[in-house]
Amino acid sequence: MLSYLKHWNLSSPLTGQRDDGGIFLPAEREQSLTRLLQILTHDNVLITIPAAAGMGKSTLLGWLKSHLPFPEHEVFSGVLIREETTAGWLSKRLVQHLRGEQASASSAEEVKDALREALQLMDEFKLQQTRLVILIDNAERIKGDAYSELLGFFDLADTAGVPFSCVLAGDPAMGQQLNQHPALARRIRLQMELPPYTNEEAVGYIKWHLDRAGLQQNLISREVMLQMAKAAYGLPSRMHNLLENTLLEAAQAKEKIITLEHVSAADRLLAPIGEP
């Protein structure tokens, strides 16, 4: 790894640059994101981002967390690592995040306590004129009564007069699950699509990464960039990993120009996938 960084004169691997607040936005995604930010300023709205793995949902939520268009807001951002099927999953996390306290909600009484605490928080937000924003990744893991609790938050916000916004990002199954909860589905003001990059968008993505790393764009020809786009099927996360591996391959060969052979060798190191 040290020789790889030295070869390209990098301070850190490209992977380490993912969380620095930068985000690549082709024209279509930029328009969608502008619309998302505008809708977030409305009261009590639900926005969904249904997309397959590797399309950039988590990157987008991470960027959104630090670029919310409100002067006064409280944001809760969470990633679901398991299925949530009962009420209490959101209240306990919100209370723990905002109060800095451990909050369990396994029994019916504990769920009620967490909901009461959440209602008290809503009252505090109203007094402080603060908007509550909830961002949930892997939201396809919300099931059954867990959706009912989310709807309850919208009802609480309506009753308390608290501006409330929620963004759910998950795989396409999330949309089907939401349709089973019509009262919540009616809250959706925007469904933001994240299609695979076109060839031109993929070329722009590669150039953007090279610029951020301080690398010369002419080390990769357009022909090679298009081959990388094809190998990655336009998936941002796969393209990122492919670019990293390709730079590694060239460094091991002690070459400063990326070739089709480097791309092919790098692609073989990635798990095969079917075309989306």
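Residues numbered from 1 in each chain as written. Predicted model: local features only at pLDDT ≥ 70, side-chain atom pairs only at ≥ 80, totals over all residues. Heavy atoms only, no water.

Here we come to the overall build of the protein chain. Secondary structure assignment for the protein chain yields twelve helices and five strands. The buried share of the protein chain, taken over its 276 residues, is 47%. The long-range fraction of contacts in the protein chain, counting pairs at least 24 apart against all pairs at least 6 apart in sequence, stands at 76%. Total accessible area computed for the protein chain in this model is approximately 13,600 Å², and 49% of it derives from carbon and sulfur atoms. (Helix = DSSP H or I, 4+ residues; strand = E, 2+ residues; numbered from the N terminus. Buried < 20%, exposed > 50% of the residue type's maximum accessible area, 1.4 Å probe, protein only. Contact = heavy atoms within 4.5 Å. Areas by Shrake-Rupley, 256 points an atom, 1.4 Å probe, with all protein chains shown as cover.)

Attention now moves to the packing of aromatic side chains. The tally for this structure, following the rule as stated, stands at seven aromatic pairs. Considering the side-chain rings of phenylalanine 24 and tyrosine 205, the 5.6 Å spacing of their centres and the 70 degrees angle between planes classify their relative orientation as edge-to-face. Residue phenylalanine 24 is located in the loop between helix H1 (2–8) and helix H2 (27–40), and its partner tyrosine 205 is located in helix H9 (residues 199–213); the two are separated by 181 residues in the primary sequence. Using a relative accessible area of 14% as the deciding quantity, one classes phenylalanine 24 as buried. Among the residues examined, tyrosine 205 registers a relative accessible area of 8% and is labelled buried. Pairing tyrosine 197 with tyrosine 205 gives two aromatic rings, centres 5.4 Å apart and planes at 50 degrees, and the pair type is tilted. Classification of tyrosine 197 as buried rests on a relative accessible area of 8%. A network of ring pairs unites the aromatic residues Phe24, Tyr197, Tyr205 and Trp208 as a single cluster. (Phe/Tyr/Trp six-rings, centres within 6.5 Å; stacked < 30°, edge-to-face > 60°.)

As a further point, take the sheet that holds strand S1 (residues 45–50). In space, the five strands of this open sheet follow the order S2-S3-S4-S1-S5, with parallel pairing throughout. A single partner strand is all that each edge strand has here, and the edge strands are strand S2 (73–79) and strand S5 (188–191). Recorded for the sheet is a direction-independent mean angle of 15 degrees between the axes of neighbouring strands. Pairing analysis gives three bridges linking S1 to S5, with the strands arranged parallel. When the bridges of S5 are listed, isoleucine 47 appears paired with leucine 190. Sitting on the sheet, H2 is in contact with S1, strand S3 (131–137), strand S4 (164–170) and S5, with an inclination near 155 degrees to S1. Packing of helix H6 (residues 145–160) onto the sheet brings it into contact with S1 and S4, and relative to S4 it is tilted by some 165 degrees. (Pairing = 2+ DSSP bridges. Axes fitted to C-alpha atoms, helices over the stretch in contact; angles between N-to-C directions.)

So, about the pattern of salt bridges. Tallied over the full model, the rule gives eight salt bridges. Two residues, aspartate 43 and arginine 131, come together in a salt bridge whose shortest N-O distance is 3.1 Å. Of this pair, aspartate 43 sits in the loop between H2 and S1 while arginine 131 is found in strand S3, placing the two residues 88 residues apart along the sequence. Accessibility expressed as a relative area gives 8% for arginine 131, which makes it buried. Between arginine 222 and glutamate 200 there is a salt bridge whose closest N-O contact spans 2.2 Å. Of this pair, arginine 222 sits in helix H10 (residues 222–231) while glutamate 200 sits in helix H9, and the two are 22 residues apart along the sequence. Under the relative-accessibility criterion, arginine 222 is labelled partly exposed at 42%. (Salt bridge = Lys/Arg side-chain N within 4 Å of Asp/Glu carboxyl O.)

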